[in-house]
Amino acid sequence: MFHECRHIKTDGLRCHAAALRNKPWCYFHARLHRLHNANLPDSQKFQLPPIEDSSSVLIAVG
């Protein structure tokens, strides 16, 4: 038995990939959360929602 990734996409659906061992997310979303929480100076911060599917593309463009 395996645990599923806890990430919820912008369209409200859960990611159904297998989570990494002793982690709440799959490989892709663990990397995404780590990069999103990186300590960057304010001059380098640019907030863009994660682009995972067609719905998130529309949100990012808006």
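For clarity, every value in this text was computed on a predicted model and none was experimentally measured.

Visitor: For this particular structure, what's the right way to read the overall build of the chain?
Guide: In terms of regular secondary structure, the chain is built from two helices and zero strands. The contacts of the chain with a sequence gap of at least 6 include a subset with a gap of at least 24, amounting to 23%. Accessible surface, the chain as shown: approximately 5,300 Å² in total, 57% of it carbon and sulfur.

Visitor: I tried to follow a nonpolar patch on the surface on my own but got confused; where do I start?
Guide: Together, Ile 51, Val 57 and Val 61 line one region of the surface with nonpolar side chains, adding up to about 280 Å² of accessible area. Positionally, Ile 51 belongs in the loop between helix H1 (27-36) and helix H2 (54-61).

Visitor: I'm lost on the environment of His 16 in this one. Help?
Guide: Along the chain, His 16 turns up in the segment before H1. A relative accessible area of 57% places His 16 in the exposed class. Here the alpha-carbon distance between His 16 and Glu 4, two residues 12 residues apart in the chain, equals 5.6 Å. Side-chain polar atoms of His 16 contact the side chain of Glu 4, separated by 3.3 Å.

Visitor: Even after reading the chapter, I still don't get unusual backbone geometry, so can you show me in this structure?
Guide: Trans peptide bonds make up most of the peptide bonds, and negative phi angles are found at most residues other than glycine. If you check the backbone angles, Asn 22 has positive phi at about 60° while not being a glycine. By relative accessible area, which is 75% here, Asn 22 ends up exposed.

Visitor: I would appreciate a short explanation of the environment of Cys 26 in the present structure.
Guide: Along the chain, Cys 26 turns up in the segment before H1. Residues Cys 26 and Cys 15, spaced 11 residues apart in sequence, show a C-alpha to C-alpha distance of 8.4 Å.

Visitor: Help me out: how do you make sense of the state of the cysteines in this one?
Guide: Between two cysteines, a covalent bond joining their sulfur atoms is known as a disulfide. For the structure shown, the criterion picks out zero disulfides. For Cys 5, which is in no disulfide, the shortest distance to another cysteine sulfur is to Cys 26 and amounts to 3.8 Å. On the basis of relative accessibility, which here comes to 0%, the residue Cys 5 falls in the buried class.

How each quantity is defined
Residues numbered from 1 in each chain as written. Predicted model: local features only at pLDDT ≥ 70, side-chain atom pairs only at ≥ 80, totals over all residues. Heavy atoms only, no water. Helix = DSSP H or I, 4+ residues; strand = E, 2+ residues; numbered from the N terminus. Contact = heavy atoms within 4.5 Å. Areas by Shrake-Rupley, 256 points an atom, 1.4 Å probe, with all protein chains shown as cover. Patch = residues over 30% accessible without salt bridge, like charges linked within 9 Å, V, L, I, M, F, W, Y side chains within 5 Å. Salt bridge = Lys/Arg side-chain N within 4 Å of Asp/Glu carboxyl O. Buried < 20%, exposed > 50% of the residue type's maximum accessible area, 1.4 Å probe, protein only. Polar contact = N/O pair within 3.5 Å; in protein donor to acceptor, adjacent residues only side chain to side chain. Disulfide = S-S within 2.5 Å.

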